[in-house]
Amino acid sequence: MVNWKWMQIYQNAILKASPAVSSDHCALILKTQPLVRIKKEFRFEAFWAEHEECKEVIKRSWHLDDGNRSCWNQFVRKRNRCKRELTEWSRRKFKRADKEIERKKTELQHIQKFDMSESEQRRANELKSQISELWKQEEKRNRNRIDKLRNESGQWIQGEDNIMRLVEGHFTKLYTSIGVKNMEECIREIPRTRRVTREMNEELMAKIKDEEIKEATFSMGGLKAPGPDGRLIQDNIIIVQEAFHKFSKKGSLGNKDLAIKLDMNKAYDRLEWDFLERVLEAFGFCNEWVKLMMNCVKSASYRFKINGKLSRRIGPQRELRQGDPLSPYLFILAAESFTILMEKAARDNLISGIRLAPTAPPITHLLFANDCIIFTGAQEDEIYQLIQIINKYTEASGQRINTEKSGLIFGSQVPIQSRVNIEEITGMASWEDPGRYLGLPARWGR
């Protein structure tokens, strides 16, 4: 039973009887928000490639003659035809569970209207079993639906329009530039010895050959963008594990050093474009190449799909695209300014770093894309110097340190009072376990 006020709120409510599936009773289904059909965008599903028929569908649709058209027009027509053929094939091959449920429920409901014969009873039991299995499939599919999101104040936001506004507002704010910033202290420290040579620039601006395009395209993984060299990742992991092994030594073998594991909050999303452009120019890349790179970076725009519905288009003022093969390299070039500031501080004896062996060179930090670990002596004056360096870099680049997710790992011989003081200075907590670095444990063994 409902009253007038309830009917005013839920004007499109629908009440219908469901067929008896798991008992002798028919459930009454009340739908307060009838499903709205949304036009689905084409998306190639990875599991399609596991079926031999998929390749045949692509070959058949791609090899049809498109007449005397330009290469680009031929490509567009072939691509669109291929999308249509794949969509139709998928519809036939992989039936949607929700539509199958409705079809089988309709058949079951029809059988249950009258006294059932023995064969109809068997068919009804088959349908009940099939509907139960399909419900399990549909339950998995519905897990991908977003029914509510928590905003910055911790409140839960519900309703499709409210959720969409929350998502649009979040990413608009994230991709908005912080405006005027002090970049000079970072840029001017880039030494001339690290500049790109004229020969390098000529090679970068040389005409691209068809063979190079083909080699680059076919070297990519089928379902992922190319990433950094795996050997370099291994090198960093080994150094980190050796460093933390040294930190864990006890007694006279223990040390008084400190590691700071920094969490760069949304590192790619916060990188300022004008800072990146100034860094590329300071490294000596020619104007034409810098312009090409910045055009690539600035060409992005985003729409977010929430439960099948697309948001308005958002044009960023800063960020590097996730998954773009250029992004890791551009980020590393921008972050090189942080490395240069750290090296200068080490040369000026403002920070000490750590040595893994008596004759080994000091290591001040390890920076791999947006993963950063700083090594230093556990003295307050060094910590203050590090904070100045980090502030210079973050102010210029737009990066932000998440102190709640960053942590301090002390050597076994650092006094308790020093630990407390450094925690207060940095606003970070000390960790007994450094956790993982680049996907692997930062410390092995006990």
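The coordinates are above.
To keep things clear, this report deals only with the structure shown in the data block. (Residues numbered from 1 in each chain as written. Predicted model: local features only at pLDDT ≥ 70, side-chain atom pairs only at ≥ 80, totals over all residues. Heavy atoms only, no water.)

1. Let's talk about the sheet that holds strand 5 (residues 257-263)
One open sheet holds the 5 strands; their spatial order is 8-9-5-10-11, and the pairing between them is mixed. Among the strands making up the open sheet, the edge pair consists of strand 8 (365-368) and strand 11 (429-430). Alignment of strand 8 against strand 9 (residues 371-377), held across 4 bridges, turns out to be antiparallel. When the bridges of strand 9 are listed, Leu-366 appears paired with Ile-373. Together, strand 8 and strand 9 form the strand contacts of helix 14 (residues 327-347), whose direction differs from that of strand 8 by roughly 170 degrees. Helix 15 (residues 380-397) contacts strand 5 and strand 9 of the sheet and is inclined by roughly 150 degrees relative to strand 9. (Pairing = 2+ DSSP bridges. Helix = DSSP H or I, 4+ residues; strand = E, 2+ residues; numbered from the N terminus. Contact = heavy atoms within 4.5 Å. Axes fitted to C-alpha atoms, helices over the stretch in contact; angles between N-to-C directions.)

2. Points about the nonpolar core
Phe-275, Leu-280 and Ile-374 are the most contacted members of the largest nonpolar core, which has 52 residues in total. The element best represented in this core is helix 14, accounting for 9 residues. Apart from the residues within four sequence positions on either side, Ile-374 is in contact with Leu-258, Ala-259, Ile-260, Leu-262, Phe-338, Met-342, Thr-364, His-365, Leu-386 and Ile-390. In this structure, Ala-243, Ile-363, Leu-366 and Ile-373 belong to the second largest nonpolar core, which totals 15 residues. (Core = buried A, V, L, I, M, F, W, Y, C linked by side-chain atoms within 4.5 Å. Buried < 20%, exposed > 50% of the residue type's maximum accessible area, 1.4 Å probe, protein only.)

3. What about the packing of helix 14 against helix 15?
In a packed pair of helices, the relevant descriptors are the angle between the two axes and the axis-to-axis distance. Packing of helix 14 against helix 15 brings their axes to within 10 Å, and their N-to-C directions diverge by 155 degrees. Compared by their axis directions, helix 14 and helix 15 come out roughly antiparallel. Every pair of crossing elements has a handedness; the one defined by helix 14 and helix 15 is right-handed. Judged by residue contacts, Ala-334, Ala-335, Ser-337, Phe-338, Leu-341, Met-342 and Ala-345 of helix 14 engage Leu-386, Ile-389, Ile-390, Lys-392 and Tyr-393 from helix 15. (Parallel < 35°, antiparallel > 145°, perpendicular 65-115°, else oblique. Left-handed = near helix turned anticlockwise from the far one by under 90°.)

4. Some remarks on the pairing of strand 10 (residues 407-410)
On strand 10, burial covers both faces: Gly-407 and Ile-409 on one face and Leu-408 and Phe-410 on the other are all buried. With 4 bridges connecting them, strand 5 and strand 10 associate as antiparallel partners. Bridge pairing in strand 10 places Lys-261 opposite Gly-407. When strand 10 meets strand 11, the two strands line up parallel, connected through 2 bridges. Bridging across to strand 11, Leu-408 finds its partner in Ser-430.

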